[in-house]
Amino acid sequence: MRIILIGPPGAGKGTQAVALSERLGVPHISTGDLFRDHVARRTPLGQEARRYLDTGELVPDHITAGMVRERLAQPDARDGYLLDGFPRTVPQARELAAVLAATGTALDAVLELSVPEEVVVARLLGRGRADDTEEVIRNRQRVYEKQTAPLLAHYADILVTISAEGPVSDITARALEALSASRVRGAVGTR
Ligand code: AMP
């Protein structure tokens, strides 16, 4: 299965991605985690990406695209993956479409985690990551609205939206149910 997880910063994408990737048997690929790893290892890519992570701006597409292409070419991603944090812009969605076309594969679903802004800001303020200051959090929400939310229309035909409020395990159950109820190829319930 090839699934994209989408939702505002603080919607719980990372938490849900871990649970869902285990249940669906596909790797969880988070571009945020990949960038943080590069930053921690002080690679040239990490040194370039760092200032964007620090301010909550998106890392430029030419940097992001190469990193994602490399990750998707790893053997564990051959039969499917759960993408968390990519694509985040319409040009990135086109980049992904090119990768899919080149390998003769297709996306199964785009899962949107929907949460009101006041809830996500409160969650992020309690998380304590380096880029979780109030100013950076608000900027990341604006970046989401402006650059990432247009993807919901872009993927309208395979979009599955669930409420991401409430206990973590309830949200996971809701996501699995919504994915199997949608016309997802290789539906979850049949695994
Ligand atoms: P995340 O862990 O998904 O919240 O991402 C943390 C930060 O990494 C973001 O605020 C961006 O600076 C950067 N980032 C993650 N994914 C992408 C992406 N697909 N395109 C550009 N920047 C990204």
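What you see is a predicted model; the values in this text were computed from it and never measured.

Enquirer: Which parts of the structure should I look at to understand the overall build of the chain?
Expert: When its secondary structure is counted, the chain shows nine helices and five strands. Mapped from its N terminus to its C terminus, the chain presents α and β elements in the order β-α-β-α-α-α-β-α-β-α-α-α-β-α. For 191 residues, the compact-globule formula gives about 16 Å, and the C-alpha radius of gyration of the chain, at 16 Å, lands near that figure. The dimensions of the chain, computed from C-alpha atoms along their principal axes, are 45 × 40 × 30 Å.

Enquirer: Would you mind showing me how to read the environment of Asp157 here?
Expert: Residue placement: Asp157 occurs in the loop between helix H8 (150-154) and strand E5 (159-163). In this structure Asp157 comes out as exposed when scored by relative accessible area, which is 64%. A sequence separation of 68 residues divides Asp157 from Thr89, and the C-alpha atoms of the two residues are 17 Å apart.

Enquirer: Just checking my understanding: could you explain the pairing of strand E3 (residues 81-84) for this structure?
Expert: Side-chain positions along a regular strand alternate between the two faces of the sheet. Side chains Tyr81 and Leu83 of E3 all project onto a buried face; the interleaved residues Leu82 and Asp84 project onto the opposite face, where all are buried too. Pairing of strand E1 (residues 2-6) with E3, which is carried by four bridges, proceeds in the parallel orientation. Along E3, the bridge assignment pairs Ile4 with Leu83. In this sheet, E3 lies alongside strand E2 (residues 28-30) in parallel orientation, the contact comprising three bridges. By the bridge assignment for E3, Ser30 is matched with Asp84.

Enquirer: Sorry, what's going on with the site of the ligand here?
Expert: Thr31, Arg36, Glu57, Gly85 and Gln92 are the nearest of the 16 residues found near the ligand. Between the ligand and Thr31, the relevant distance is 2.7 Å, taken from a nitrogen atom to a side-chain nitrogen or oxygen of the residue. Here a nitrogen atom of the ligand and a side-chain polar atom of Arg88 are 2.9 Å apart. Its free accessible area being 490 Å², the ligand has 96% of it covered by the protein chains.

Enquirer: What am I meant to see in the nonpolar core here?
Expert: One recurring pattern in soluble globular proteins: nonpolar side chains tend to sit buried together. Ranked by internal contacts, the top residues of the largest apolar core, which has 22 residues, are Ile3, Leu20, Leu24, Leu82, Leu111, Leu113 and Ile162. Ranked by residue count, the leading element in this core is helix H9 (residues 168-181), at five residues. Setting aside residues no more than four positions away along its own chain, Leu82 makes contact with Ile3, Leu5, Ala17, Leu20, Ser21, Val26, Pro27, His28 and Ile29. With 21 residues, the next largest nonpolar core counts Val68, Leu83, Val90 and Tyr155 among its residues.

Enquirer: Help me understand helix H7 (residues 134-148), please; the structure alone is not making it clear to me.
Expert: Since one α-helical turn is 3.6 residues long, residues separated by three or four positions face the same way. For H7, built from 15 residues, the straight-helix expectation of 21 Å at 1.5 Å per residue is met to within 8% by its first-to-last C-alpha distance of 20 Å. Within the span of H7, buried status applies to Val136, Ile137, Asn139, Arg140, Gln141, Val143, Tyr144 and Thr148. The secondary structure elements touched by the buried residues of H7 are E1, helix H3 (44-55), helix H6 (117-125) and H8.

Enquirer: Looking at this structure, I do not really get the pattern of salt bridges. What am I missing?
Expert: When the charged atoms of two side chains lie near each other, side chains of opposite charge can form a pair. Per the counting criterion, the structure on display carries nine salt bridges. Asp76 is paired through a salt bridge with Arg71; the nearest N and O atoms lie 2.8 Å apart. Residue classification places Asp76 among the partly exposed residues on the basis of a relative accessible area of 40%. Salt-bridge contacts for Arg138 lead to Glu134; the nearest nitrogen and oxygen are separated by 2.9 Å. Here the residue Arg138 and the residue Glu134 both occupy positions in helix H7, the gap between them amounting to four residues, near one helical turn. Classification of Glu134 by relative accessible area gives partly exposed; the value is 39%.

Each value, and the rule that gives it
For every chain, the first residue of the written sequence is number 1, and numbering continues from 1 along that sequence. Under the rules for a predicted model, residues below a pLDDT of 70 receive no local features and side-chain atom pairs below 80 are neither given nor counted, while totals for whole chains, interfaces and linings still include all residues. Hydrogens and waters are ignored; side-chain quantities use all the structure's heavy atoms. Put simply, DSSP marks the helices as runs of H or I at least four residues long and the strands as runs of E at least two long, and each gets a number from the N terminus on. C-alpha atoms define the radius of gyration in this analysis, and the globule rule sets the expected value at 2.2 Å times the number of residues to the power 0.38. Buried, partly exposed and exposed residues are distinguished by accessible area as a fraction of the type maximum, computed with a 1.4 Å probe on protein chains only: under 20%, between the cut-offs, and over 50%, respectively. A strand pair is defined by DSSP finding two or more bridges across the two strands. A single heavy atom is enough: if one lies within 4 Å of a molecule or strand, its residue is considered near that molecule or strand. Side-chain atoms alone can form a polar contact between residues adjacent in sequence; in general such a contact is a pair of N or O atoms within 3.5 Å, and within protein one must be able to donate a hydrogen while the other accepts it. Computed by Shrake-Rupley with a 1.4 Å probe, the accessible areas treat only the displayed protein chains as cover when residues are assessed. What is meant by a nonpolar core is a set of buried Ala, Val, Leu, Ile, Met, Phe, Trp, Tyr and Cys residues, joined one to another through side-chain atoms within 4.5 Å. Residues count as neighbours in contact if any of their non-hydrogen atoms are within 4.5 Å of one another. Helix span, expected: 1.5 Å multiplied by one less than the number of residues in the helix. Salt bridge, as applied in this entry: a Lys or Arg side-chain nitrogen positioned within 4 Å of an Asp or Glu carboxyl oxygen.

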